[in-house]
Amino acid sequence: MSTIRRARPAARRSSVRGRLLTTVLVLPAAAWYAILLISPLVIVTIFSFGVRAKNGGYAPAFVFDNYARAIQKSEPFVLSLEMAVAGTIGCLLVALPLAYFIATRVRRRKGLLVLLLVIPFWTSFLIRTYAWLLILGPDLGLAGRLQALTGADKVQILGTPIAVMIGLIYGYLPLMIFPLYVTLERMDRTLIEASKDLGAGRWATFRQITLPVALPGFVTGSILVFIPMMGEYVIPQILGYGRTYLMGNALVTDFLEARNWPQGSARAVFLIIVMIVTIAGYVWFVNRGRSTRDVSVL
């Protein structure tokens, strides 16, 4: 009995030391998170309820007019949402076959192919975007080739939503490929063999075996692609000539040109809230579908 009594204080001290050590280890990351993420969000939220100062900037107030105007003039947000959804789907359609091929079909040169996917990140995103001006240009680019083949007077790709969509898919494609590749690389090949032995066709095997395995990578890749696409500014400004007016363009106009910081802050907060709700609903729907999916492959 006395041994048990002596063990209790020792266990308590050990538990306190463990919690203290955990706090010490987590504290730097928590401080970094609070300073670089929470504080800017708080500042932007405070600015969103203010008014524009006489010479531009921010003047303290507590009004909701900025949110009302952000909702009324929601064309940039709607277009950004459409482009982000279409871009995410486009990245998925390109990334899934490529990731599946590298993970399941390539054996000897798998590392080389993965390296080729990483190499574009060694170059500036701005330079890679400017390169598409030559690829899609009217002289030696795709537009010029199409014009020569079709005999049309003028084929215009740059300055259109098509050019912006091509730039979005190209720019963020690796962020979709890598999560899919990691999940497919860990897939148990015996499941596919068992599915074939049970008489399932290729489509049934893909739908019931490969797709559920790739689902975590699909969710991760979609989030990594969708979020930056919603606030993209460089690609529509360069490839779209500023004619495809997305939320990134609207924020630049509010903050730098009109110097209406409260209006720009309200747009930013509105964008963040809608993105959080959209992603949370998407993750819930995917997880719910995965938990209720029939696992039969016959």
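Quick look at the structure, then. (Residues numbered from 1 in each chain as written. Predicted model: local features only at pLDDT ≥ 70, side-chain atom pairs only at ≥ 80, totals over all residues. Heavy atoms only, no water.)

Quick notes on a nonpolar patch on the surface
Convention followed: Patch rule: a residue counts if its relative accessible area is over 30% and it has no salt bridge; like charges are joined within 9 Å, and nonpolar side chains (Val, Leu, Ile, Met, Phe, Trp, Tyr) within 5 Å. Here the open area of atoms and residues is found with the Shrake-Rupley method and a 1.4 Å probe, where only the protein chains shown may cover a residue. Salt-bridge detection follows one rule: a side-chain nitrogen of Lys or Arg within 4 Å of a carboxyl oxygen of Asp or Glu. Comment: elements are numbered from the N terminus, with helices defined as DSSP H or I runs of at least four residues and strands as E runs of at least two.
Together, Tyr 33, Leu 37, Ile 38, Leu 41, Val 42, Ile 46, Ile 272 and Ile 276 make up an exposed nonpolar region whose accessible area comes to about 670 Å². Only α1 (2–48) and α12 (261–292) provide two or more residues apiece to the nonpolar patch. With six residues, α1 is the largest single contributor of residues to the nonpolar patch. When you line up the elements, Val 42 lands in helix α1.

Re a positive patch on the surface
The cut-off we apply is this: Neither His nor the chain termini are counted; the positive set is Lys and Arg, and the negative set is Asp and Glu. Just so you know, the charge point we use is NZ for Lys, CZ for Arg, CG for Asp and CD for Glu.
Residues Arg 105, Arg 189, Lys 196 and Arg 202 make up a contiguous surface patch of positive charge. The topology assignment puts Arg 105 in the loop between α3 (75–104) and α4 (110–118).

Here's the deal with the packing of α4 against helix α7 (residues 161–185)
Keep this limit in mind: In this description, a line fitted to the C-alpha atoms serves as the axis of each element, helices being fitted only across the stretch in contact, and the angle between N-to-C directions of two axes falls anywhere from 0 to 180 degrees. Angle categories are assigned with fixed cut-offs, so that under 35 degrees is roughly parallel, over 145 is roughly antiparallel, 65 to 115 is roughly perpendicular, and the rest are oblique. Definitions for this section: a left-handed crossing has its near helix turned counterclockwise from the far helix by less than a right angle. A right-handed crossing has that turn clockwise. Contacts: residue pairs with any heavy atoms within 4.5 Å of one another.
Between α4 and α7, the shortest axis-to-axis distance is 10 Å and the interhelical angle comes to 155°. Taken together, the axes of α4 and α7 are roughly antiparallel relative to one another. Where α4 crosses over α7, the handedness of that crossing is left-handed. Listed contacts from α7 to Lys 110, Val 114, Leu 117 and Val 118 of α4 are Pro 174, Ile 177, Phe 178, Tyr 181 and Glu 185.

Focus: the pattern of salt bridges
Once their charged atoms are close, side chains differing in charge can pair, the charge on each being opposite to the other. Worth spelling out the cut-off: Exposure is judged per residue with a 1.4 Å probe applied to protein chains only, and the accessible area is read against the type maximum: over 50% gives exposed, under 20% gives buried, and values in between give partly exposed.
Considering all chains together, one arrives at two salt bridges under this definition. Note that Glu 185 is salt-bridged to Lys 110, the shortest N-O span being 3.1 Å. Taken together, the residues Glu 185 in helix α7 and Lys 110 in helix α4 connect sequence positions 75 residues apart. Judged by its relative accessible area of 15%, Lys 110 is buried. Linking Arg 267 and Asp 254 is a salt bridge whose minimum nitrogen-to-oxygen distance equals 2.6 Å. Pair noted here: Arg 267 is in helix α12 and Asp 254 is in helix α11 (residues 247–257), with a separation of 13 residues, a long-range link. Since its relative accessible area comes to 10%, Arg 267 is described here as buried. Judged by its relative accessible area of 8%, Asp 254 is buried.

Topic: the environment of Leu 173
As for its placement among the helices and strands, Leu 173 is situated in helix α7. For Leu 173, a relative accessible area of 15% corresponds to the buried category. Between the C-alpha atom of Leu 173 and that of Thr 88, which follows or precedes it by 85 residues, the distance is 8.8 Å. Excluding its chain neighbours within four sequence positions, the residues that come into contact with Leu 173 are Cys 91, Val 94 and Ala 95.

A look at the nonpolar core
Rules: By convention a nonpolar core is built from buried Ala, Val, Leu, Ile, Met, Phe, Trp, Tyr and Cys residues, the set being connected through side-chain atoms within 4.5 Å.
Judged by nonpolar contacts, the single largest core of 40 residues is most densely connected at Leu 168, Leu 180, Met 229, Met 230 and Leu 239. If you list the elements that add at least two residues to this core, you get α3, α7, α9 (202–230), α10 (234–238) and α12. Considering each element in turn, this core owes the most residues, eleven residues, to α7. Setting aside anything within four residues of it in sequence, one finds Leu 180 in contact with Leu 92, Ala 95, Leu 96, Ala 99, Ala 214, Gly 217 and Phe 218.

Section: unusual backbone geometry
With a phi close to 60°, Tyr 241 is a non-glycine residue in the positive phi region. Within the secondary structure, Tyr 241 sits in the loop between α10 and α11. A positive phi angle, close to 55°, is found at Arg 259, a residue other than glycine. Among the secondary structure elements, Arg 259 is positioned in the loop between α11 and α12. For Arg 259, a relative accessible area of 34% corresponds to the partly exposed category.

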